[in-house]
Amino acid sequence: MIYRIYSLFFGILLLFSTPIYALEVIEILGGKASEIPIAIVPFDGLESIGGQKAHQIISSDLNRTGLFRPLNTLGISNPPSSDININYTKWSAMDAQFIVVGKVESENPISGNIKITWSLIDIFKEKTVVSMRYIGKKSQYRAIAHKVSDNVYEHLTGSKGVFHTKIAYVKKVNNKKYSLNVADFDGFNSRPILNTTQPIISPRWSPDGEKIAYVSFEKKKPVIYIQNLRTGKRTLLANFKGNNSAPAWSPDSKKLAIVLTYNQNSQIYTINADGSGIKQLMRSNAINTEPSWAPNGEDIYFSSNRGGNPQIYKVNINDDEISRVTYEGKYNLSPSISYDGKLLIFLTNDQGKFKVAIQNLISNQVLKISEGPADESPIFAPNGHLVLFTYKDYGKTTKIGTVSINGLKRLPINVGSSIIQEPTWGPITN
Amino acid sequence: MEELQLKKSLLLLSLLALLGAGCSSTPLDAPGDPSAASGKMGVDAATAEALGLEELRGNTLLSQRSVFFDFNKYDIKDEYLDLIGAHAQYLNNHAPARMIIKGNADYRGSHEYNLSLGQKRSVAVKDALNALGVDDSQIETISYGEEYANQECQADACGQDRRADITYEVE
């Protein structure tokens, strides 16, 4: 039995074991057949205060990715809570390829800390993949469960999980109150970081995780602010003549691409995060907007109607060389690039229905992964395996949800009954 | 005294025009909000006369302020040429008058693209006014994109949001 012990509340991990290895690397975009049947067995012992239990949180995390098929574990007699004496035949008969078992105990009655000990077990190979123990505060119950999900995900896909990350979004109440909110990736633990009476659009989380850039109409026109998440302080990045909008961070978080209408039409500029060194990227009479910085730091994807209808293009920031990226469909907008630079997601108008589409940038194969009719604002998870987007609930109220990049799982993120729009996804941090 | 005030505001306007012209020929300089800097002019009798306020309020064509567009389009339809012609004539006859054109878009498509589209619509109206001899310094173009649009409109009703609104600073 291998144990990795993480001390969550110190924010560092103490571990004595072998490095994490990938067991079965799943081919992403592989279709329905690749969904791994996995049983998350109810954890023995303490339960969370209110809310979901650990196995429900882990199940729901893995289910979102479209790569797992969590099995129903209700009514299982004598559920195991460790990897000792596992009845492999029984689990195999249930079609489970893997199971996760665990228990929640009081670690220290004085501090109130809890410890969660868990194992991921391979039913086919009849062996334990990994066992770990997490210690944390009671209030970190959900965070620890998400950490378990991250570990299961990484062991079974070879990629980091995003279950411990944060998202941000704009909440709009009665067209009068706007707030920028930060929450766990699944919508829990939300809190406002800005309240205003004017629209907020295009929040973008810096890759280093420290700041969010956004567009506010507080000055009766769009201007760009950068807000430090630790101090809560914000600085005005761009308040030039005309509109200031569409901030996009460079991979090193030192620069942003922004859009100004300084010379009347929307054009893309680059600017240092401290507001210095503004430079126009290219010139055209057409609309150039929605920049999205590629992870190589040299290419910026953007939308433009230079060919008549809006399409996605990319420009090299060193030589202004422009090439067209999307060819399928007559109306493609809102590019977002995966963190390995291999996948592009965008909004496509499919015969009047606005859907999220994904394009493999090597094969240029395109797959529509949402149904519409009024989806918007697709943005990649920091591992490139999930997409955050907005849809109209019952055709009316805009809400956020995730869709797996294979298009199999589209699930809402519930953060209340107001209009929820313009989401962004924070980076993976420790 | 009134005349002096008018001269002052005229001077301010031409200074702003000069600044505006200077800005567009050089790279970006210090950030600043031109609409905040100019503010509203006081409307005394002489100013009202100079601005032709009575005409602005009384004229049927001048009281029409919205130019509507097709989905994802910003070309001006022929039916709005009379309206634009009337506003051009008004601006040409009243040099101190300043117009702000506010572009809008329906909710469909992205917030950012719609901001750009709204801007294209306000610029299209401005270009049409320029073609009729209106000076650049008299017109400011801005865009609200889809931010104040009806988020639940269906089909043709969304057309109400695809528009550029003409406003005058004096109003």
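Residues numbered from 1 in each chain as written. Chains lettered and ligands numbered in written order. Predicted model: local features only at pLDDT ≥ 70, side-chain atom pairs only at ≥ 80, totals over all residues.

Peer 1: What is the right way to read the overall build of chain A from this model?
Peer 2: Check the secondary structure of chain A and you find three helices and 32 strands. For chain A, the C-alpha radius of gyration of 23 Å lies close to 22 Å, the compact-globule estimate for 430 residues. For chain A, the spread of C-alpha atoms along the principal axes amounts to about 70 × 50 × 45 Å. Counting all 430 residues of chain A, 49% fall into the buried class. Within chain A, contacts between residues at least 6 apart in sequence are counted, and of these 45% link residues at least 24 apart. (Helix = DSSP H or I, 4+ residues; strand = E, 2+ residues; numbered from the N terminus. Rg over C-alpha atoms; globule rule 2.2 N^0.38 Å. Buried ≥ 20, exposed ≤ 12 C-beta atoms within 10 Å, placed from the backbone. Contact = placed C-beta atoms within 7 Å.)

Peer 1: Help me understand the interface of chain A and chain B, please; the structure alone is not making it clear to me.
Peer 2: Taken together, the contacts link 37 residues of chain A with 24 residues of chain B. Mapped onto the side of chain A that touches chain B, the elements with two or more residues apiece are β12 (200-205), β16 (244-249), β20 (288-293), β24 (332-337) and β28 (376-380) of chain A. Along the lines of polarity and charge, the residues of the side of chain A that touches chain B split into 15 nonpolar, 14 polar and eight charged. (Nonpolar A, V, L, I, M, F, W, Y, C, P; charged D, E, K, R; others polar.)

Peer 1: Help me understand the sheet that holds strand β18 (residues 267-272) of chain A, please; the structure alone is not making it clear to me.
Peer 2: Strand pairs in the sheet, formed through backbone hydrogen bonds, run parallel or antiparallel to each other. Residue and element names in this part refer to chain A. Across the sheet, four strands lie side by side as β16-β17-β18-β19; this open sheet has antiparallel pairing. Two strands lie at the open edges of the sheet, namely β16 and β19 (279-280), each paired on one side alone. Note that strand β17 (residues 255-260) and β18 share six bridges and pair antiparallel. Bridge pairing in β18 places Ala257 opposite Thr270. (Pairing = 2+ DSSP bridges.)

Peer 1: I tried to follow the sheet that holds strand β29 (residues 386-393) of chain A on my own but got confused; where do I start?
Peer 2: All names here are of chain A. Read across the sheet, four strands follow the order β28-β29-β30-β31 without closing on themselves; strand pairing throughout is antiparallel. With partners counted over all chains shown, the strands left at the sheet margins are β28 and β31 (410-413), one partner each. Direction aside, the axes of adjacent strands within the sheet are offset by 30 degrees on average. Strand direction decides the pairing type here: β29 and strand β30 (residues 397-404), joined by eight bridges, are antiparallel. Residue pairing across strands places Val387 opposite Val403, the latter belonging to β30. (Axes fitted to C-alpha atoms, helices over the stretch in contact; angles between N-to-C directions.)

Peer 1: Any chance you could explain unusual backbone geometry here in plain terms?
Peer 2: Note on backbone geometry: most residues besides glycine have negative phi, and most peptide bonds are trans. Residue and element names in this part refer to chain A. A cis amide bond, omega 10 degrees, links Gly372 with the succeeding residue Pro373. Along the polypeptide, Pro373 turns up in the loop between β27 (366-368) and β28. One non-glycine residue, Gln351, adopts positive backbone phi at about 50 degrees. By the secondary structure assignment, Gln351 is in the loop between β25 (343-350) and β26 (353-360). Its identity as a non-glycine residue notwithstanding, Glu422 has a phi of 50 degrees, on the positive side. Relative to the helices and strands, Glu422 is located in strand β32 (residues 419-425).

Peer 1: Just checking my understanding: could you explain the domain arrangement of chain A for this structure?
Peer 2: How big an interface is tends to be reported as the loss of accessible area on association of its parts. Domain annotation of chain A identifies domain 1 (4-157) and domain 2 (166-425). Placing the centre of domain 1 of chain A and that of domain 2 of chain A at their C-alpha centroids yields a distance of 33 Å. (Domains from an automatic or database assignment.)

Peer 1: I keep staring at helix α5 (residues 81-93) of chain B and nothing clicks. Help me out?
Peer 2: An α-helical turn contains 3.6 residues, so a residue and the one three or four places further along point in the same direction. Residues and elements named next belong to chain B. Between its terminal C-alpha atoms α5 stretches 18 Å, which fits the 18 Å expected from 13 residues at 1.5 Å a residue. Taken together, the buried positions of α5 are Leu83, Ile84, His87, Tyr90 and Leu91. Looking straight down α5, one finds that the buried residues subtend no more than 125 degrees of arc, so they occupy a single side. Away from its buried face by more than 90 degrees, α5 exposes Asp82 and Asn93. Elements in contact with the buried residues of α5: α4 (53-58), β1 (66-68), β2 (99-104), α6 (111-131) and β4 (163-168). (Expected span 1.5 Å × (residues − 1). Arc of directions from axis to C-beta.)

Peer 1: Sorry if this is basic, but what is going on with the nonpolar core here?
Peer 2: In summary, soluble globular proteins display a tendency toward joint burial of nonpolar side chains. Leu256(A), Ile258(A), Ile300(A), Ile345(A) and Val387(A) are the most contacted members of the largest nonpolar core, which totals 100 residues. When residues in this core are grouped by element, the largest group, six residues, is from α6(B). If near-sequence neighbours (up to four positions away) are discounted, Leu256(A) is found in contact with Ala213(A), Leu237(A), Pro247(A), Ala248(A), Trp249(A), Ser250(A), Ile271(A) and Ala273(A). Ala39(A), Phe98(A), Ala145(A) and Tyr153(A) belong to the second-largest nonpolar core, a separate cluster that totals 37 residues. (Core = buried A, V, L, I, M, F, W, Y, C linked by C-beta atoms within 7 Å.)

Peer 1: How should the environment of Asn59(B) be read in this particular structure?
Peer 2: All names here are of chain B. On the secondary structure map, Asn59 appears in the loop between α4 and β1. Classification of Asn59 by C-beta neighbours within 10 Å gives partly exposed; the count is 15. Sequence-wise, Asn59 and His87 are 28 residues apart; in three dimensions their C-alpha atoms are separated by 10 Å.

Peer 1: Help me out: how do you make sense of the packing of helix α1 (residues 54-64) of chain A against helix α3 (residues 141-157) of chain A in this one?
Peer 2: Residues and elements named next belong to chain A. Following both chains from N to C, one finds α1 and α3 inclined at 45 degrees, their axes separated by 9 Å at the closest point. Regarding the angle of α1 to α3, the classification is oblique. In terms of crossing hand, the pair formed by α1 and α3 is right-handed. Together, Ala54, Ile57, Ile58, Asp61 and Leu62 of α1 and Arg142, Ala145, His146, Val148, Ser149, Val152 and Tyr153 of α3 make up the contact between the two elements. Of the residues belonging to the contact of α1 with α3, the class tally is eight nonpolar, two polar and two charged. (Parallel < 35°, antiparallel > 145°, perpendicular 65-115°, else oblique. Left-handed = near helix turned anticlockwise from the far one by under 90°.)

Peer 1: Just checking my understanding: could you explain the confidence of the model for chain A for this structure?
Peer 2: Low pLDDT means the predicted atomic positions in that stretch should not be read closely. Taken as a whole, chain A shows an average pLDDT of 90; of its residues, 91% reach a score of 70 or greater. Throughout residues 1-31 of chain A the model reports pLDDT below 50, and contacts reaching past four residues in sequence, or to other chains, amount to 58 contacts. (pLDDT = per-residue confidence, 0-100.)

Peer 1: What is the right way to look at α6(B) in this model?
Peer 2: Residue and element names in this part refer to chain B. In this model α6 runs 30 Å from its N-terminal to its C-terminal C-alpha over 21 residues, within 8% of the 30 Å that 1.5 Å per residue would give. With respect to burial, α6 is a largely interior element, 17 of its 21 residues being buried. Residue Gly133 follows α6 closely and has a positive phi angle near 95 degrees.

Peer 1: Looking at this structure, how should I read the pairing of strand β3 (residues 139-145) of chain B?
Peer 2: Regular strands place their side chains on alternate faces of the sheet. Residues and elements named next belong to chain B. Counting buried positions along β3 yields seven of seven residues, so the element is predominantly enclosed. The alternating pattern of β3 places Ile139, Thr141, Ser143 and Gly145 on one face and Glu140, Ile142 and Tyr144 on the opposite face, and all of these are buried. Alignment of β2 against β3, held across six bridges, turns out to be parallel. Looking at β3, one finds that Ile100 is bridged to Glu140. Handedness of the crossover joining β2 and β3 through α6: right-handed. (Right-handed = clockwise from strand over helix to strand, strands pointing away.)

Peer 1: Whenever I open this one, the pairing of β4(B) confuses me. Can you help?
Peer 2: Residue and element names in this part refer to chain B. One ladder, built from three bridges, connects β1 with β4; its direction is antiparallel. Note that in β4 the partner of Phe68 across the bridge is Arg163. Relative to β4, β2 is paired through five bridges, and the arrangement is antiparallel. Bridging across to β4, Met99 finds its partner in Tyr168.

Peer 1: Sorry, what's going on with the environment of Leu343(A) here?
Peer 2: For Leu343(A), the position within the fold is in strand β25. In this structure, Leu343(A) is in contact with Ser338(A), Ile358(A), Asn360(A), Leu361(A), Gly384(A) and Ile405(A), ignoring residues within four places of it in sequence.

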